[in-house]
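Listed below are the residues making up each chain.
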Amino acid sequence: MSKDRIQLSDHFTTGRLLRFVASPIIMMIFTSVYCVVDGFFVSNFAGKTAFSALNLIYPFLQAFGCLGFMVGTGGSALVAMTLGTGDKNQADNLFSMLAASTIVMGIVSTIIGWFLLEPAAQLLGATPELLPNCLMYGRILLVFQTAFMMQFFFQSFFITSEKPKLGLAFTVLAGLTNIVLDFLLVGVLRGGIVGAASATVISQMVGGIGPMFYFFNRKNSSLLHFVRPKFSAKALGKACANGSSELMTNLSASLVSALYNLQLMKLIGADGVAAYGVLMYVGFIFAAVFIGYAQGCAPIISYHYGAENHDELKNLFRKSITMLAIAGVAMFASAQLMATPLSKMFVGYDTGLMELTEHALKLYAFSFLLCGFNIFSSAFFTALNNGAISAAISFLRTLVFQVFAVLVLPMVLDIDGIWYALVFAEAAALLVSAALLAFACPAARKKWAKKPERMNADRLVGETAMVTEPIDACADTGAVKINGVLWTAKCTTGERVEAGGHVTIERVEGAKLYVRPAKCPCTKA
């Protein structure tokens with residue numbers, strides 16, 4: 001294995017951080033491809049009615065799928081923090097327990113969703129013309145809801161297990177599967193809604209079921225593996241609390257999308273719903289960059305929080321704010337330049353609808369300047385295992401501020417008020433995020449200051465520890481135990497030290513010990 005392998009315990013330069021988060025960013029982009037590709041083929045090959053039906057029912061389906069996202073993001077923060085303390089066995093147990101819990105949630109979601117689908121579609125405004133397509137698409141996706149949730153779950157844990165590239169490979173494979181099958185089933189065979197739904201669920205099985213075989217293999221070099229789990233309601237509750245902001249974000253997005261659709265049907269009819277569908281697709285892709293970045297950073301933040309490495313946390317925060325600002329400007333400019341071709345790609349068959357969509361996208365694009373900061377702020381608090389603050393940011397940003405804007409701004413700006421609603425919500429949320437960061441971060445520093453035991457880890461220097469996992473520079477492995485705590489370890493002399501051997505600690509960096517072979521087996525393991 002390469003000596004340049006990036007580990008959670010590393011110090012991150014800008015280049016190193018970008019290399020680590022590149023895979024989760026691409027993962028999120030490919031994940032967002034599912035609905036976008038379905039929408040593209042359905043709109044162009046099945047028509048405007050089927051396209052509107054897909055956009056109308058998708059928020060309901062997404063609301064169930066986000067449970068996997070909640071457990072994945074919240075659970076990965078908890079597991080990464082556990083790895084930061086050196087307890088790999090407990091990390092494996094938590095990972096396995098959370099995976100089993102997500103599967104159970106998926107089965108329950110399928111049953112509940114099946115009975116609620118038709119009344120939900122009607123509540124969301126489905127007309128007799130749209131309802132059959134809504135039900136057909138929804139029922140097919142609900143049957144495979146567990147695979148959808150597990151795909152979200154594994155996206156977070158591939159990063160925590162220091163295997164972001166493998167996670168990327170699974171996600172790209174799933175995305176390509178969706179694209180190819182949409183082309184065949186919808187574009188060539190003209191399967192319409194049924195073809196689009198079939199392509200989606202098959203690709204979700206690739207991304208949600210395939211990774212299970214990898215984590216069951218204990219011979220691979222992943223930080224995490226499946227073991228026989230011991231259920232812990234407390235740990236599951238903590239993971240759900242940590243990920244509550246992500247749950248809130250997705251649930252709110254589903255509710256707000258429904259509100260957008262209702263307002264648009266009232267103001268300008270089905271064309272408004274179709275135009276908003278295009279905005280959602282573009283928003284999925286652009287927001288995926290910010291969400292992927294936040295997901296990639298979260299395990300690093302959690303790890304260093306568990307290791308109480310305050311300097312590295314400040315380093316990560318400062319670099320992130322700078323990169324998010326640059327990305328926001330780039331995305332805004334791209335959206336302005338690409339408004340016409342993107343509108344033409346989805347709804348070019350209808351001139352009036354295309355012009356409406358192009359105008360809406362140019363206004364909607366202002367939100368890209370701000371949303372990255374809010375997404376990262378919420379994820380930052382999730383990574384610090386502060387689910388309450390993270391959820392507050394998400395709740396205000398994705399629900400309260402948007403509902404207010406969608407209901408009030410059209411009274412002032414007419415239809416443009418709908419397209420500016422997200423911009424208003426992001427601006428208000430940015431003020432809240434800044435205030436919470438200013439208030440909560442000093443409080444966290446005070447909390448760390450009250451924990452001298454781990455802050456004084458340098459006093460381990462000179463002590464002797466027992467090797468529990470062979471220390472091998474070539475294989476990039478190594479763990480030692482001292483005072484009942486497991487630490488990752490690296491030998492400064494480059495020698496291989498077998499399990500059961502003893503080493504002397506030379507220095508401590510974060511949650512990693514740098515050691516040399518000991519002269520005598522005096523140990524405090």
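Residues numbered from 1 in each chain as written. Predicted model: local features only at pLDDT ≥ 70, side-chain atom pairs only at ≥ 80, totals over all residues. Heavy atoms only, no water.

Participant: What is the right way to look at the side chain of serine 156 in this model?
Facilitator: Mapped onto the fold, serine 156 is located in helix α5 (residues 145-160). Residue serine 156 is classed as buried on the basis of its relative accessible area of 3%. In this view, serine 156 contacts Gly72, Thr73, Ser76 and Gln295; residues no more than four positions away in its chain are not counted. (Helix = DSSP H or I, 4+ residues; strand = E, 2+ residues; numbered from the N terminus. Buried < 20%, exposed > 50% of the residue type's maximum accessible area, 1.4 Å probe, protein only. Contact = heavy atoms within 4.5 Å.)

Participant: It is not clear to me how the environment of glutamine 145 should be interpreted in this structure. Could you clarify?
Facilitator: Tracing the sequence through the fold places glutamine 145 in helix α5. According to the relative accessible area criterion, glutamine 145 is buried, its value standing at 1%. Residues glutamine 145 and valine 180, 35 residues apart in the sequence, show an inter-C-alpha distance of 21 Å. Apart from residues no more than four positions distant in its own chain, glutamine 145 is found in contact with Leu61, Phe64, Gly65, Gly106, Ser109 and Thr110.

Participant: For this particular structure, what's the right way to read the environment of threonine 160?
Facilitator: Its location among the elements puts threonine 160 in helix α5. For threonine 160, a relative accessible area of 0% gives the class buried. A sequence separation of 143 residues divides threonine 160 from tyrosine 303, and the C-alpha atoms of the two residues are 9.1 Å apart.

Participant: Could you clarify how one ought to interpret the confidence of the model for the protein in this entry?
Facilitator: Do not read the predicted coordinates in detail wherever pLDDT is low. Averaged over all residues, the pLDDT of the protein is 83; the fraction at 70 or higher stands at 91%. The least confident element of the protein is helix α16 (residues 452-455), whose mean pLDDT is 42; the most confident is helix α4 (residues 131-143), at 92. Here residues 447-456 is a poorly scored stretch, pLDDT under 50, and it has 15 contacts once near neighbours within four places are set aside; other chains count. (pLDDT = per-residue confidence, 0-100.)

Participant: I tried to follow the pairing of strand β4 (residues 502-509) on my own but got confused; where do I start?
Facilitator: Each regular strand displays side chains that alternate between the two surfaces of the sheet. Relative to β4, strand β1 (residues 464-472) runs antiparallel, the two sharing three bridges. Residue pairing for β4: methionine 466 is matched across the bridge by histidine 502. Here β4 pairs with strand β5 (residues 512-517) via six bridges, running antiparallel. Its bridge partner lying in β5, arginine 507 is registered against tyrosine 514. (Pairing = 2+ DSSP bridges.)

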